Amino acid sequence: MIATGVELPPLAIEITPTFVISTAIATRDYQDVHHDRDAAIRRGSPDIFLNILTTTGLVQRFVTDWGGPRVLVRGVAIRLGVPCYAYDTLTFRGRVGEETFGDNGFVVSVVGSCRLGDHVTGTVRFELGGSA
C-alpha cells in the first residue's frame, strides 16, 4: 500500500569497477574519472566513481522496483553528496512523503549512502497508472 510515511525496503547495490565503467559507457559519459583508475587518482580521487546519470537512474530504479509496473515517474530531483567509488556499496532508503499531486500522485524522498556518507539525496514524483 502506498501511503504517507511508508518506508521503502532498503536496496543495496555493490559498486564494482565493471558497474562503474559499464554504466558510464551506457550513458555516453567518457570522462576518464569514470573508467580510468590512474586518471582518477591523478585528479585526486582514490578510484573511479559513479557518474550523475547512473546515480539518477538508480534513484528512479529504487522507487519503480518498489512500486511496481503501475508507477509512472513524473520527475526525479537529486542533489549529489560524496562520491561513490568502485568497491563500495550504495544503499538506498526512502519514505513516502506528505506531498501529493493529482488523484494518484505521490512523492518519495530518497537517500543513497555509501561508506563516506550520503552520495545522493532527492525526490521521485510518480503517479499510479492503470492495472498492469
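These numbers were taken from a predicted model, which means no experiment stands behind them. (Residues numbered from 1 in each chain as written. Predicted model: local features only at pLDDT ≥ 70, side-chain atom pairs only at ≥ 80, totals over all residues. Heavy atoms only, no water.)

Asker: Explanation requested: the pattern of salt bridges in the structure shown.
Answerer: Within this structure, the stated rule accounts for 6 salt bridges. Here Asp32 ties to Arg43 by a salt bridge, and the two come within 3.4 Å at their closest N and O atoms. Within this pair, whereas Asp32 is found in the loop between helix 1 (17–26) and helix 2 (37–42), its partner Arg43 is found in the loop between helix 2 and helix 3 (52–67), the two being separated by 11 residues in sequence. You can call Arg43 exposed: its relative accessible area is 54%. Between Asp65 and Arg61 there is a salt bridge, with the nearest N and O atoms lying 3.1 Å from each other. You can see Asp65 and its partner Arg61 sitting in helix 3, 4 residues apart, about one turn around the helix. (Salt bridge = Lys/Arg side-chain N within 4 Å of Asp/Glu carboxyl O. Helix = DSSP H or I, 4+ residues; strand = E, 2+ residues; numbered from the N terminus. Buried < 20%, exposed > 50% of the residue type's maximum accessible area, 1.4 Å probe, protein only.)

Asker: How should the confidence of the model for the protein chain be read in this particular structure?
Answerer: Atomic detail in the predicted coordinates should be set aside for any region of low pLDDT. On average, residues of the protein chain score 94 in pLDDT, and 98% of them reach the 70 mark or higher. Mean pLDDT across the elements of the protein chain bottoms out in strand 3 (residues 88–101) (91) and peaks in strand 1 (residues 7–15) (98). (pLDDT = per-residue confidence, 0-100.)

Asker: How should a nonpolar patch on the surface be read in this particular structure?
Answerer: Together, Ile52, Leu53 and Leu80 give the surface a local cluster of nonpolar side chains, amounting to about 270 Å² of exposed area. With respect to the helices, strands and loops of the structure, Leu53 is situated in helix 3. (Patch = residues over 30% accessible without salt bridge, like charges linked within 9 Å, V, L, I, M, F, W, Y side chains within 5 Å. Areas by Shrake-Rupley, 256 points an atom, 1.4 Å probe, with all protein chains shown as cover.)

Asker: Explain helix 3 to me, please; I cannot follow it from the model alone.
Answerer: It helps to recall that an α-helix has 3.6 residues per turn; residues three or four apart then point in one direction. Its 16 residues place the ends of helix 3 23 Å apart at the C-alpha level, agreeing with the 22 Å of an ideal helix rising 1.5 Å per residue. Buried within helix 3 are the following residues: Thr54, Thr55, Leu58, Val59, Phe62 and Val63. Buried positions along helix 3 lie against strand 1, helix 1, strand 2 (71–80), strand 3, strand 4 (105–114) and strand 5 (117–128). Just downstream of helix 3 lies Gly68, where phi reads positive at about 90°. (Expected span 1.5 Å × (residues − 1). Contact = heavy atoms within 4.5 Å.)

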